[in-house]
Number of protein chains: 2
Amino acid sequence: MNFKEELDARTAQAEEVLKKYLPKEEGYQKTVVEAMNYSLLAGGKRLRPILMRETFRLFGGEGEVVEPFMAALEMVHTYSLVHDDLPCMDNDEYRRGRKTTHVVYGEGMAVLAGDGLLNYAFETAVKAFGTSGDGEILGRTAKALSVFAKKAGIYGMIGGQTADIEAEDREAGGPEQPVTEELLLFIHEHKTAALIQSAMMTGAILAGAGEEEIRRIEKCAYNIGIAFQIQDDILDVTSSLEVLGKAVGSDEKNHKTTYVTLKGMEQAKRDVESLSGEAVDILASFSGRNEFLEELVRQLAGREK
Amino acid sequence: MNFKEELDARTAQAEEVLKKYLPKEEGYQKTVVEAMNYSLLAGGKRLRPILMRETFRLFGGEGEVVEPFMAALEMVHTYSLVHDDLPCMDNDEYRRGRKTTHVVYGEGMAVLAGDGLLNYAFETAVKAFGTSGDGEILGRTAKALSVFAKKAGIYGMIGGQTADIEAEDREAGGPEQPVTEELLLFIHEHKTAALIQSAMMTGAILAGAGEEEIRRIEKCAYNIGIAFQIQDDILDVTSSLEVLGKAVGSDEKNHKTTYVTLKGMEQAKRDVESLSGEAVDILASFSGRNEFLEELVRQLAGREK
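Residues numbered from 1 in each chain as written. Chains lettered and ligands numbered in written order. Predicted model: local features only at pLDDT ≥ 70, side-chain atom pairs only at ≥ 80, totals over all residues. Heavy atoms only, no water.

Visitor: Residues and numbers for the overall build of chain A, please.
Guide: A tally of helices and strands in chain A yields 15 helices and 2 strands. Taken over C-alpha atoms, the radius of gyration comes to 19 Å for chain A, in line with the 19 Å a tight globule of 305 residues would show. Across its three principal directions, the C-alpha atoms of chain A cover 60 × 50 × 35 Å. Relative to its 305 residues, chain A shows a buried fraction of 58%. (Helix = DSSP H or I, 4+ residues; strand = E, 2+ residues; numbered from the N terminus. Rg over C-alpha atoms; globule rule 2.2 N^0.38 Å. Buried < 20%, exposed > 50% of the residue type's maximum accessible area, 1.4 Å probe, protein only.)

Structure follows, in structure tokens:
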């Protein structure tokens, strides 16, 4: 199999896992569940669950304990998009070519659907405790849950969203309130890299990786996340609506400080390369190997959409 | 000590536990943490953490394992209020005499603060795993977390909120779309009773209660929650702004179907009595006793605010 076929197979597997854990659309709560599933099944690369499972495999993980966490992470990612799209946040009417949740179900229901997804993420992750009676696995699950929760919250994704909203308000104050590189990296680390770290650290922990290994995976995922975000900023300048599937040039239009405006296009491209290269080196440094995962990280650095 | 003194002491203890687990207002995420703490410290009866600790004590629970869950449940309760108050939900500008979170911090930040609280609730509850190295306690904590998560989500509180929003839309359709008793009880069971069940079941589970005992506590908490909500409906008719601290007569003004409009005032009062009486009987049926908890349930039935 070539890389593309392997990736498609793994995306389909991740999709299957997600579907296994979808809540049922029934009862008096049917509408909120429909809204949750509408947003969960809006497509997407399923990158985070794939990274989780592949990191789990890298450290020799076996069994189903990782699956509830795979579905749960996609739920966290999805709820953040539902709330981000709300009129009081980014006010987006379309995502991946479909109407956003609040456009279809109304704002109140979209708030509840986001809350429902976040809560259901934890309901789902907790199911990992039931996949094995082994005390060792129980302990790993508790540890994984702790990292999973932290990386989604104020010391992870929500922290990044907060700083991002404030940076936008700050820039609206004019050029005397510039966004610094330190702040921009904080935003990218938390808003984007944190869920990549959640994916890979959770996978490693559930597979029984040691403290030092988990620390290196955290750094590896940091690099992947930052490179991913810089690549987003690059594509917003260099790509087209046709290739990307969404409007380009939005950062310039919004006078937004990005990694590209701060460091220049050439430096940005070099940094994507070096961050990704270092991430692959970290992955290749463990006693086990996962060549698909290494190739995936390389491909993400060169992605065109 | 009389009951009032005992209640005040326990409220102060619950407040202390909550403060111990508050996130720090620092870093680039400072604003969202301020908004979270603003809403968490807006006062309130701390009824749910008190019920949790007292049920924990009823079943002979010892140690700190219950404390992270006490704080976490108050965070869940608080996030639901922050999101409920949003303009796209109930659009309330005041709560307990203070401006609501979105009025002070803006709508976007209020959405994030609610998300942050819900997520931090799980970050906090997960800390219970670290309070003991005992495998038995680890297992109880995993089980408690599962119930805690379920009762907050689409099969608990969020399910009730969904049905409540839809019932309001339904009633706006006119008298040919009446809210039935079955639907009203679904809403009360999920929107109100579910977090009382979370409190008492979590307390029981962490203390090591057996399956049958947990099932009876679930029923007991159901009764307390439904009685609590009926009493709310009664007070909306019979109380005053001065006593209640909030506007009365709002249900009538909004042509809202309540337990009182469905069953009449006298029946509603009798049902509060019988539901609470049955709850006290359940509490008194276990081999251990907690007389403070029994009295608390009696007092809730007769509360005037």
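Visitor: Explain the nonpolar core to me, using residue names and the numbers behind them.
Guide: The biggest cluster of nonpolar side chains holds 166 residues, and the ones touching the most others in it are L145 of chain A together with L145 of chain B. Excluding residues within four positions of it along the chain, L145 of chain A makes contact with F69, F122, A125, V126 and F129 of chain A together with V126, F129 and L145 of chain B. If you look at the next biggest cluster of nonpolar residues, it comprises 19 residues, including I187, I226, I230 and V272 of chain A. (Core = buried A, V, L, I, M, F, W, Y, C linked by side-chain atoms within 4.5 Å. Contact = heavy atoms within 4.5 Å.)

Visitor: Could you give an account of the interface of chain B and chain A, with specific residues and numbers?
Guide: Listed by partner, the interface residues are 49 residues for chain B and 49 residues for chain A. Summing both sides of the interface, chain B and chain A together bury roughly 4200 Å²; the carbon and sulfur share of this comes to 71%. Put simply, chain B and chain A have 0 salt bridges between them. Taken together, the connections running from chain B to chain A amount to 10 residue pairs in polar contact (both at pLDDT 80 or more). Sorting elements by how many residues they give to the side of chain B that touches chain A places helix α6 (residues 107-126) of chain B first, with 13 residues. (Buried area = accessible area lost by both parts, 1.4 Å probe. Salt bridge = Lys/Arg side-chain N within 4 Å of Asp/Glu carboxyl O. Polar contact = N/O pair within 3.5 Å; in protein donor to acceptor, adjacent residues only side chain to side chain.)

Visitor: Lay out the packing of helix α9 (residues 181-207) of chain A against helix α10 (residues 211-238) of chain A with the relevant residues and their values.
Guide: Residues and elements named next belong to chain A. One way to put it is that α9 packs onto α10 with a least axis distance of 7 Å and a crossing angle of 135°. Comparing their axes, α10 and α9 come out oblique. Considering the relative orientation of α9 and α10, their crossing is right-handed. Contact with α9, carried on its side by L185, H188, E189, T192, A193, I196, Q197, M200, M201, A204 and I205, involves I214, I217, E218, C220, A221, Y222, I224, G225, I226, F228, Q229 and D233 of α10 and no other residues of that element. By residue class, the composition of the contact of α9 with α10 is 15 nonpolar, 5 polar and 3 charged. (Axes fitted to C-alpha atoms, helices over the stretch in contact; angles between N-to-C directions. Parallel < 35°, antiparallel > 145°, perpendicular 65-115°, else oblique. Left-handed = near helix turned anticlockwise from the far one by under 90°. Nonpolar A, V, L, I, M, F, W, Y, C, P; charged D, E, K, R; others polar.)

Visitor: Give a description of a positive patch on the surface that names residues and reports values.
Guide: Taken together, the side chains of K45, R96, K246 and K305 of chain A make up a positively charged region of the molecular surface. For K305 of chain A, the position within the fold is in the segment after α15 (291-302). (Patch = residues over 30% accessible without salt bridge, like charges linked within 9 Å, V, L, I, M, F, W, Y side chains within 5 Å. Areas by Shrake-Rupley, 256 points an atom, 1.4 Å probe, with all protein chains shown as cover. Lys, Arg positive; Asp, Glu negative; His and termini not counted. Charge placed at Lys NZ, Arg CZ, Asp CG, Glu CD.)

Visitor: Kindly report on the pattern of salt bridges, identifying the contributing residues and their values.
Guide: By the definition in use, this model includes 44 salt bridges over all chains. In this structure, E294 of chain A engages R289 of chain A in a salt bridge whose closest nitrogen and oxygen atoms are separated by 2.7 Å. Close ionic contact of R298 of chain B with E294 of chain B constitutes a salt bridge, the shortest N to O distance being 4.0 Å. With R298 of chain B and E294 of chain B both in helix α15 (residues 291-302), this residue pair falls 4 residues apart, about one helical turn. A relative accessible area of 42% means that R298 of chain B is categorised as partly exposed. What you see here is one network of salt bridges that share partners, running through E6, R10, E54 and R57 of chain A.

Shape descriptors only; they carry no functional weight alone.
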